[in-house]
Amino acid sequence: DRLSYALTLAEGCRVTATTQTAERAYRSADGVAEVEVCHELGPGAHLDWLPQETILFDNSALTRTTTVALAAGASCLMLEAVVLGRAAMGETVRTLSLADRRRVTRQGVPVLHEPLALETAALQAGSGVLQGARAFASLALIAQGAESRLPVVRAVLDEPGVNAGASGFDGKLTLRLMAADGWPMRRQILRVLEVLRD
């Protein structure tokens, strides 16, 4: 299976984009599903790319590549959230293959590169990998002065059941979250977005 998303924003445009529903990577009988996301932002444009979570089922195989090309003065807020099975349905993920790459460039120069690989061996490595979490997310704001928002973001990182950390430097603010289930993680993400999009 192959799925692709693409947005091109003209100069000065401000857009919020998401997916229609949570993406689901089901059991793979053969091969790897591929998702490609390519966004291009013109000068001074801003994009909030806020897809709903990706749910990985047991024995799923997914490769996803997200590329955001920023022109001068453009900015973006991007989110990726992953849930390992549905806890309410009693699902357990024991086998999977996930390769998730995010890359942001400004005028062709890389400003953020986040590769993630999660394989069966990592799931079997115990609490040293995800500390028992079934859900995890990465959020990044790339904009002039983004690091100045760090105190307000850290002030709301107190959702019960969610481990989170944030850092900011050089026009970037990055955030990592882990939780035992997708619902508390979603609540935490919404609180962060509220202060970042204010």
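Residues numbered from 1 in each chain as written. Predicted model: local features only at pLDDT ≥ 70, side-chain atom pairs only at ≥ 80, totals over all residues. Heavy atoms only, no water.

Draft legend 1. Structural detail: the side chain of Thr 19. When you line up the elements, Thr 19 lands in the loop between strand S2 (14–17) and strand S3 (23–25). Given a relative accessible area of 4%, Thr 19 falls into the buried group. A polar contact is formed between the side chain of Thr 19 and the backbone oxygen of Thr 21, at a distance of 3.1 Å. Once residues within four sequence positions are removed from consideration, Thr 19 is found in contact with Tyr 5, Trp 49, Pro 51 and Gln 52. (Helix = DSSP H or I, 4+ residues; strand = E, 2+ residues; numbered from the N terminus. Buried < 20%, exposed > 50% of the residue type's maximum accessible area, 1.4 Å probe, protein only. Polar contact = N/O pair within 3.5 Å; in protein donor to acceptor, adjacent residues only side chain to side chain. Contact = heavy atoms within 4.5 Å.)

Draft legend 2. Structural detail: the sheet that holds strand S4 (residues 33–41). Taken in spatial order, the 5 strands line up as S1-S4-S7-S9-S10 in an open sheet, and their pairing is mixed. In the strand order of this sheet, the two ends are held by strand S1 (2–9) and strand S10 (109–119), each with one partner. Strand after strand, the sheet turns through a mean of 5° between neighbouring axes, direction not considered. The sheet contact formed by strand S9 (residues 96–106) and S10 spans 10 bridges and is antiparallel. Bridge pairing in S10 links Ala 99 to Ala 117. (Pairing = 2+ DSSP bridges. Axes fitted to C-alpha atoms, helices over the stretch in contact; angles between N-to-C directions.)

Draft legend 3. Representation of the nonpolar core. Ranked by size, the top nonpolar core spans 30 residues in total, and within it Leu 41, Cys 76 and Leu 84 carry the most contacts. Of all the secondary structure elements, the ones that give two or more residues to this core are S4, strand S5 (46–49), strand S7 (60–70), strand S8 (75–84), S9, S10 and strand S11 (135–142). Residues within four places of Leu 84 in sequence aside, it is in contact with Leu 56, Val 93, Leu 96, Leu 118, Leu 123, Leu 130, Ala 133, Arg 134 and Phe 136. Of all hydrophobic cores here, the second largest spans 29 residues; its members include Ala 22, Leu 175, Ala 179 and Val 192. (Core = buried A, V, L, I, M, F, W, Y, C linked by side-chain atoms within 4.5 Å.)

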